[in-house]
Structures are given as C-alpha cells and as structure tokens.
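Listed below are the residues making up each chain.
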Amino acid sequence: MHTDTPHPHIAFRQASPADAPFISRGFHAAMLYDDASEEQLSRFARHICTRTDVLYSWRNTVIAEVDGRAAGMITSYEGCRYHELRLATMPLVKQHLGIEFPGMEDEALPGEYYLDSLAVCGEYRGKGIGTALLRHAMEAGTAMGLKVTLAVDPVNHRARRLYESLGFRYDSDLFIFGHTYHKLALMECSI
C-alpha cells in the first residue's frame with residue numbers, strides 16, 4: 001500500500017542551467033552512484049547537465065520545489081530525440097564514470113515520452129514529491145499524445161509497486177547500463 005501524501009506546497013518549474021549541480025546529484029542518486037565525490041558531481045554538472053544536446057540536460061528536467069527549495073527532479077523527453085541525444089551523451093558519461101555500456105538498447109523510441117531519471121532529496125522522501133513529479137511528467141507526455149514509458153530494475157520492487165499504482169504495466173525487457181530492466185508503459189486513462 002502506497003502511503004505517501006502530497007505536500008501542500010509543491011511547485012513545478014522548468015530547470016535552468018543554474019540547476020546543473022542539483023540535476024547532477026539527482027542523476028547520480030537515480031543511477032545509484034551515491035559514492036560520487038564532490039569533484040565528480042561538479043564535473044558532471046559542468047560538462048553534461050549544462051548542455052542542451054544531451055539526455056541529462058537542464059532542458060529535459062523539471063524541478064519540484066517545496067516552500068521555494070528544490071526538493072526533487074525528473075528528467076524526461078520525447079523518444080524521437082533519444083537516439084540523437086544518446087550519441088552525444090554516452091561518450092560524456094563514459095568519460096565521467098569510466099564505464100562503457102556495450103550492447104545497450106535505445107531506452108526510448110519514437111512515439112514515446114520517456115521518464116528517465118527521478119530523484120528526491122532525502123529530507124523530502126515519503127512526502128509524495130516523487131509521485132507528484134511522476135504525475136507531472138505523465139501529464140506532459142499524455143498531453144503530447146505520446147506513449148509514456150520508463151524503465152525499472154526488476155529487483156526494485158518498491159519502485160515497481162509505485163509505478164504500477166500510477167497505471168504503468170510491463171511492456172518489454174530492455175538491456176541498458178549492463179543489465180536487463182523492465183520497460184513499463186502507462187496504460188491509457190491512468191492519470
């Protein structure tokens with residue numbers, strides 16, 4: 001049973017280049033790279049999140065604020081842009097993380113709106129911020145007439161339950177970042 005209740009003072013805004021450090025932290029948290037140093041986080045922010053031609057750009061990110069403070073973020077984009085953005089992003093990620101991901105499939109396809117990275121600051125977890133960010137992005141994709149999708153690690157049962165409670169269902173297997181994820185798609189009329 002999902003018990004998060006929305007915080008009454010959540011506001012959404014489009015990220016700006018000044019949010020790059022926050023986006024960098026969010027990306028690392030979403031990808032479970034919590035052991036990144038301050039220098040690595042700063043470098044990722046400067047070299048990746050400030051760009052407009054990459055997946056993890058400020059341009060693709062919405063910030064949730066609570067009482068004027070950044071509380072969480074979601075990075076999402078149209079699938080028709082994915083492959084082009086991936087070509088610019090993955091060499092930078094390899095340079096940053098020192099890891100290459102051979103055989104990686106395209107996470108998003110044309111006709112989709114892909115919810116890529118979601119992160120909520122520790123002190124705001126359990127207050128409905130993540131759910132609110134997901135709903136905000138789901139509404140954006142649905143308004144564009146696109147199939148809303150995301151990927152979840154098969155062993156992350158808590159995230160899977162949250163996504164399913166919002167109307168996502170299994171769509172296919174997806175080999176990304178070195179292992180198989182489940183791709184979920186939002187069923188129509190779910191929001």
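Here, residues in each chain are numbered from 1, in the same order as that chain's written sequence. Two thresholds apply to this predicted model, a pLDDT of at least 70 for residue-level local features and 80 or more for giving and counting side-chain atom pairs, whereas whole-chain, interface and lining totals are computed over all residues. Working from all heavy atoms in the structure, the side-chain values ignore hydrogens and water.

Moving on, we get to the packing of aromatic side chains. Centres within 6.5 Å are what make two rings of Phe, Tyr or Trp a pair, Trp counting through its six-membered ring; a difference in plane orientation under 30 degrees is then read as stacked, over 60 as edge-to-face, and the rest as tilted. One pass over the structure, following the stated rule, counts five aromatic pairs. Summarising the aromatic geometry, the rings of Y163 and F168 are spaced 6.3 Å apart at their centres and angled 70 degrees between planes, so their arrangement reads as edge-to-face. Neither Y163 nor F168 differs from the other in exposure class; each is buried. Within the aromatic cluster, the residues linked to one another by ring pairs are F27, F44 and Y56. Classification of residues uses two cut-offs on accessible area relative to the type maximum, computed with a 1.4 Å probe and protein chains only: under 20% is buried, over 50% is exposed, and between them is partly exposed.

What follows deals with helix α3 (residues 82-97). In this scheme, the bend at a residue equals the angle between the axes fitted to the seven residues that finish there and the seven that begin there. Only runs of H or I of at least four residues qualify as helices and only runs of E of at least two qualify as strands under DSSP, and these elements are numbered from the N terminus. Of all the bends in α3, the greatest reaches close to 30 degrees and is centred on A88; the proline P91 follows between one and four positions later. Turning to α3, its buried residues are Y82, L85, R86, T89, M90, L92, V93 and H96. One or two positions beyond α3, positive phi appears at G98, with a value near 75 degrees.

Turning our attention to the packing of helix α2 (residues 38-49) against α3. Here, axes are lines fitted to C-alpha atoms. For helices the fit covers the stretch in contact, and angles between N-to-C directions go from 0 to 180 degrees. Close contact between α2 and α3 brings their axes to 11 Å; oriented N to C, the two are set at 160 degrees. Classed by the angle they form, the pair α2 and α3 counts as roughly antiparallel. Note on packing geometry: the crossing formed by α2 with α3 is right-handed. Within the contact between the two elements, α2 uses Q40, R43, F44, H47 and I48 and α3 uses L92, V93 and H96. Nonpolar residues are Ala, Val, Leu, Ile, Met, Phe, Trp, Tyr, Cys and Pro. Charged residues are Asp, Glu, Lys and Arg, and all others, Gly as well, are polar. Of the residues assigned to the contact of α2 with α3, the class counts are four nonpolar, three polar and one charged. Here roughly perpendicular refers to angles of 65 to 115 degrees, roughly parallel to angles under 35, roughly antiparallel to angles over 145, and oblique to all remaining angles. Crossing handedness is read from the near helix: turned anticlockwise from the far helix by less than a right angle, it gives a left-handed crossing, and turned clockwise, a right-handed one. Contacts are residue-level and defined by heavy atoms, with any inter-residue pair within 4.5 Å sufficient.

The phi dihedral of D67 falls on the positive side, at around 50 degrees, and the residue is not glycine. With respect to the helices and strands, the residue D67 is situated in the loop between β2 (61-66) and β3 (69-78). Unlike most non-glycine residues, F177 shows phi in positive territory, near 50 degrees. Within the element layout of this structure, F177 appears in the loop between β6 (168-176) and β7 (179-186).

We now examine the environment of L41. Looking at the element boundaries, L41 is found in helix α2. As a C-alpha pair, L41 and D153 span 112 residues in sequence and 23 Å in three-dimensional space. Beyond its immediate chain neighbours, meaning those up to four positions away, L41 contacts S24, R25, H28 and A36.

Where the model shows low pLDDT, its predicted coordinates should not be examined in detail. pLDDT is a residue-level measure of predictor confidence that goes from 0 to 100. For the chain, per-residue confidence averages 90 on the pLDDT scale, and 92% of positions sit at 70 or higher. In the predicted structure, residues 1-5 sits below a pLDDT of 50 and forms eight contacts with residues beyond four places in sequence or in another chain.

Relative orientation of the contacting elements helix α1 (residues 20-30) and α2 amounts to 115 degrees, with a least axis distance of 8 Å. Between α1 and α2, the angle is such that the two are roughly perpendicular. The handedness of the crossing between α1 and α2 comes out as right-handed. Where α1 approaches α2, its residues A20, P21, I23, S24, R25, F27 and H28 are matched on the opposing element by E38, L41, F44, A45 and C49.

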